[in-house]
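Working through the structure, step by step
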Amino acid sequence: MCKLDFHFYKSSLLIITLGIILYMTGNCFIPLYNGMTVVVIEHIQSLFLLFMCCYTYYYAKRVSEHSELYRFWVWTIFWWFMLFGRGISWGRDFFPEVPRFYYKIIASILIAIPILSIFLPTIRREIARRYKYEKIPFWHIFFAFLFLGIADIAEHHRIGHEFLVITKERKDLIEELMEIPCLLCLSLITFYMQKNEQKGVDSLC
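Because the structure is a prediction, the values reported are computed rather than measured.

1. Regarding the packing of aromatic side chains
Note on aromatic pairs: each is described by the distance of the centres and the angle between the planes. Applying the stated criterion to the full structure yields 18 aromatic pairs. On the numbers, 6.1 Å between centres and 25 degrees between planes, the contact of Phe-51 with Tyr-55 is stacked. On the criterion of helical spacing, the pair formed by Phe-51 and Tyr-55 is a turn pair, its members being four residues apart in helix α2 (residues 36–62). We classify Phe-51 as partly exposed; its relative accessible area is 46%. Tyr-55 sits in the partly exposed class, given a relative accessible area of 26%.

2. Quick look at the nonpolar core
In this structure, Phe-147, Leu-177 and Met-178 are the most contacted members of the largest nonpolar core, which totals 18 residues. Setting aside residues up to four positions removed in sequence, Phe-147 forms contacts with Ile-15, Ile-16, Gly-19, Met-178, Pro-181 and Cys-182.

3. Focus: the layout of surface pockets
Each pocket or cavity is described by its volume, and for the largest pocket that value is around 1,300 Å³. Only α2, α3 (67–87), α5 (121–133), β2 (135–137), α6 (138–156) and α8 (171–204) provide two or more residues apiece to the lining of the largest pocket. Broken down by element, the lining of the largest pocket gets its largest block of residues, 10 residues, from α8. Taken together, the residues of the lining of the largest pocket sort by class into 22 nonpolar, five polar and 11 charged. When its volume is computed, the second largest pocket comes out at roughly 190 Å³. Considering the residues around the second largest pocket, the lining is formed by Tyr-9, Ser-11, His-140, Leu-188, Phe-191, Tyr-192, Lys-195, Asn-196 and Lys-199. If you tally residues by element for the lining of the second largest pocket, the top one is α8, at six residues. Here the lining of the second largest pocket is built from residues that sort into four nonpolar, three polar and two charged.

4. Digging into the state of the cysteines
If you walk through the whole model with that rule in mind, you get zero disulfides. The thiol sulfur of Cys-53 is not disulfide-bonded, and the nearest other cysteine sulfur, from Cys-54, lies at 6.6 Å. Residue Cys-182 stays outside any disulfide, its sulfur separated by 6.8 Å from that of Cys-185, the closest cysteine. Look at Cys-182 and you get buried, because its relative accessible area is 8%.

5. Regarding unusual backbone geometry
We note that Tyr-33 has phi near 50 degrees; this positive angle belongs to a residue other than glycine. In this fold, Tyr-33 is placed in the loop between α1 (10–28) and α2. Backbone geometry at Ser-89 places phi at a positive 55 degrees, although glycine is not the residue there. Summarising the element assignment, Ser-89 is placed in the loop between α3 and α4 (100–117).

Cut-offs used in this document
Residues numbered from 1 in each chain as written. Predicted model: local features only at pLDDT ≥ 70, side-chain atom pairs only at ≥ 80, totals over all residues. Heavy atoms only, no water. Phe/Tyr/Trp six-rings, centres within 6.5 Å; stacked < 30°, edge-to-face > 60°. Helix = DSSP H or I, 4+ residues; strand = E, 2+ residues; numbered from the N terminus. Buried < 20%, exposed > 50% of the residue type's maximum accessible area, 1.4 Å probe, protein only. Core = buried A, V, L, I, M, F, W, Y, C linked by side-chain atoms within 4.5 Å. Contact = heavy atoms within 4.5 Å. 1 Å grid on protein atoms, 1.4 Å probe; cavity = no way out; pocket = protein on both sides within 12 Å on 5 of 7 lines; lining within 4 Å. Points joined across faces, edges and corners; volume = space filled by probe spheres on them. Nonpolar A, V, L, I, M, F, W, Y, C, P; charged D, E, K, R; others polar. Disulfide = S-S within 2.5 Å.

So this is what it looks like as structure tokens:
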């Protein structure tokens, strides 16, 4: 059975505070500069995702003597890189003149790799082990889904959209701003898992 850690960490409080500040400033204060603000935020998010790819690889090398741990973290790198690819529209942001067909191929490959890798025996065993024996930070996961949902509502004009976006020209800005705490929550989940895992690895040494 999945073990949930319901402790409300300071980082959780910082995430919800950041989300509220971004929501308020995004709707009232942050200038749009004809869309340049959104572009800058998107690029910052992309750089952050690349950082998480590099950081996760660095951590994977630290546990390389434990083959299943190493393969699990390499697998998570594919997820970070997929998010990076989505963030730059699979490369279309930098080469818009290239036909969309090629970007669909790139997207299909980047999405397929982490999903199909789930069926590898080593990955399935490690996921099952973590599900049974390791704790999962509930509030980090909750806030990740919360802010992802808010970003989705802002982007696709779903129910409640009028309460989240005061003026329609700020729709893209609010979407990108709400993705920031979501990505931070995902990174906090990663750090949480690695910290607990490292304790177990150190005890074996």
